[in-house]
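Structural characterization, general
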Amino acid sequence: MAAAWDFVRAGHTPTIYESTNFVGGLASGFKAPHWDWSVEKFYHHWFQSDAHMLGLINELGLNEKVLFPRPYTVLNHNGKWYPFDSILNALRYPGLGWGLNKLRFGLVGLYLRTTNNWRALEQHTVETWMRKWAGDRVYEQMWQPLLIGKFGPFYKDVNMAWMWARLKARTTRLGTYQGGFQQFSDDFAEKLRGMGVTFALETPISKIHPDPAGGVTIHPTNQAPVTFDQVLVTTSPGQLAQLAPALPPTYLAGLQALKHMGAVVLVLSLKHQLSEQGYYWFNIPKNLGYPFLAVVEHTNFVSPAHFGGEHILYCGDYLPIDHPYFSLSKEELLAQFLPGKKAAGSAVFALVAALGLWLVAKRHLFLVDIFWIGLLSIGVAFAVAYLLGSDDTEAAWLLEELDITGESV
Ligand SMILES: Cc1cc2nc3c(=O)[nH]c(=O)nc-3n(C[C@H](O)[C@H](O)[C@H](O)COP(=O)(O)OP(=O)(O)OC[C@H]3O[C@@H](n4cnc5c(N)ncnc54)[C@H](O)[C@@H]3O)c2cc1C
């Protein structure tokens, strides 16, 4: 849509083909009927330094709808959570002691925040650069766990320019849009339509090739092929390689050689606030043994009032694309993320209760058919167990398991 905005202002008449029936792509959202705002399918925010994005929003005249709350990102050390989203907070973090390592961490952080010489950094991986300048202890304690979490087996290949860009861009205030990111995409699409851009939703493209008579032909799966002067593809590089096999072989090989990770994110709606300290983003290094890498309490960023008082929580992880999580249903993923503690507890409770009820019935109500009393007891016990197990237990489990209610600073 950003490209269409530039094209239309340069005098072209673009058409956007989109396979789904909504705009927004990875940044799209969904809405329960009783919510005023949508929730992003994957957690999303802007930094105050996202000059291009904020510039575009400004050009669209939508900047009044951008909000910049100040949520907290925290990191764990010895069972406590510490804010870790500004140089000052990072310096206060006790994970590095208070000696030379803290000093090296601070100086390296300061250098990366102030330098613009990313070309020099691009010659190194994070691993080699950080080990050299920040030291082994700082690297292994602070940066390596985050890299492993985000890039899995590829973590040693991550380029230092990527790390520089992450640290440089980070601001303590994070941006969102009134109504959610889906609202932004919808408002953006509306502006584009008003300027003559055509949207062909629910129109997947299956093939793209140059037309012998000039131009480029695209093949929508549900319409006749259409030829345009130019085509810009904004799918993933792998999808582009499949769609356009006629691309020059070296370019095609480059697209196919790119490695990538996938993101799996489970969105939960809870009755309780998880972090009463108001923490938004919990970084959870893989070595702590949680079944996910990040817990993000969206409603510690935007008010739960927009979601009928519900508390929205993301549990996310970055994984190799062949990881079994990607083929699980949401129920199966929930079972992985919230291990069967509740179910097991409910079942044991139900069986013990059934046995107790049956014994009482056998002793005191011997005139009535003992088989039916037994059956009734089991039914009542399961109903009670279900009610006890279903209400707020998932929030209680998370509170307990994540130790987020525990001492924190
Ligand atoms: C977990 C996660 C968190 C993120 N958090 C942030 C964040 O906080 N801030 C931020 O700025 N960015 C974030 N991003 C990145 C951001 O979502 C992407 O950079 C952005 O969505 C890319 O937009 P795009 O239009 O280039 O691609 P996409 O969003 O991937 O859109 C591609 C579109 O192409 C459509 N399509 C695919 N194949 C076809 C086909 N054959 N025919 C027709 N249409 C097709 C898809 O349906 C989709 O709508 C995050 C991404 C993830 C996964």
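Going by the structure above, here's the rest.
Every chain is numbered independently, its residues counted from 1 as its sequence is written. In keeping with the model being predicted, local features are shown solely for residues with a pLDDT of at least 70 and side-chain atom pairs are shown and tallied solely at 80 or more, while totals for entire chains, interfaces and linings include all residues.

**Side note on the overall build of the chain**
- By the criteria applied, helices consist of DSSP H or I runs no shorter than four residues and strands consist of E runs no shorter than two, each listed in order from the N terminus. Secondary structure assignment for the chain yields 15 helices and 16 strands.
- Put simply, a residue is buried when 20 or more other C-beta atoms lie within 10 Å of its own C-beta and exposed when 12 or fewer do; between those, it is partly exposed, and each C-beta is set from the backbone. Looking at the chain as a whole, 23% of its 409 residues qualify as buried.
- By sequence separation, contacts in the chain at least 24 residues apart represent 64% of the contacts at least 6 residues apart. Throughout, a residue-residue contact means that the two C-beta atoms, derived from backbone geometry, are no farther apart than 7 Å.

**Re the sheet that holds strand S5 (residues 66-67)**
- Strand pairing follows a simple DSSP-based rule, namely that at least 2 bridges must link the two strands. In space, the three strands of this open sheet follow the order S4-S8-S5, with antiparallel pairing throughout. Looking at the sheet topology across the chains shown, the edges are occupied by strand S4 (46-47) and S5.
- Of the strand pairs in this sheet, S4 and strand S8 (residues 174-177) are connected by two bridges, and their pairing is antiparallel. In the strand pairing of S8, Trp46 is matched with Gly175.

**What about the nonpolar core?**
- Any nonpolar core is a set of buried residues, restricted to Ala, Val, Leu, Ile, Met, Phe, Trp, Tyr and Cys, that join up through C-beta atoms within 7 Å. Counting 30 residues, the largest nonpolar core has Phe282, Ala294 and Val295 as its most contacted members.
- Elements represented by at least two residues in this core include exactly strand S6 (72-77), strand S7 (80-83), strand S14 (279-283), strand S15 (294-297) and strand S16 (311-320).
- If near-sequence neighbours (up to four positions away) are discounted, Phe282 is found in contact with Val74, Trp81, Ala294 and Val295.
- Ranked by size, the runner-up nonpolar core spans 16 residues in total, among them Phe105, Ala134, Tyr139 and Met160.

**Side note on the pairing of S8**
- Relative to S8, S5 runs antiparallel, the two sharing two bridges. Across the sheet, Leu67 pairs through a bridge with Thr176, a residue of S8.

**Considerations on the pairing of strand S10 (residues 205-210)**
- Here S10 runs beside strand S11 (residues 216-220); their pairing, made up of five bridges, is antiparallel. Residue pairing for S11: Pro210 is matched across the bridge by Val216.
- The antiparallel pairing of S10 with S11 creates a hairpin that spans five residues between the two strands, and Gly214 there sits at a positive phi of about 110°.

**A word on helix H7 (residues 136-151)**
- For H7, with 16 residues, the first-to-last C-alpha span of 19 Å runs short of the 22 Å given by 1.5 Å per residue.
- The bend at a residue is defined as the angle formed between two axes, one fitted to the seven residues ending at that residue and one fitted to the seven starting there. When the local axis directions of H7 are compared, the greatest deviation, roughly 45°, occurs at Trp143, which is followed within four positions by the proline Pro145.
- All of the buried residues along H7 are Val138, Tyr139, Met142, Trp143, Gln144, Pro145 and Leu147.
- Looking one or two residues beyond H7, the residue adopting positive phi is Gly152, at roughly 50°. In a helix, the anticipated span is given by 1.5 Å times the number of residues less one.

**Points about the environment of Ile16**
- Relative to the helices and strands, Ile16 resides in strand S1 (residues 15-17).
- For Ile16, a count of 19 C-beta atoms within 10 Å corresponds to the partly exposed category.
- Along the chain, Ile16 and Thr198 lie 182 residues apart, while their C-alpha atoms are 6.2 Å from each other.
- What Ile16 contacts, discounting residues up to four positions off in sequence, is Met1, Ala4, Val197, Phe199 and Ala200.

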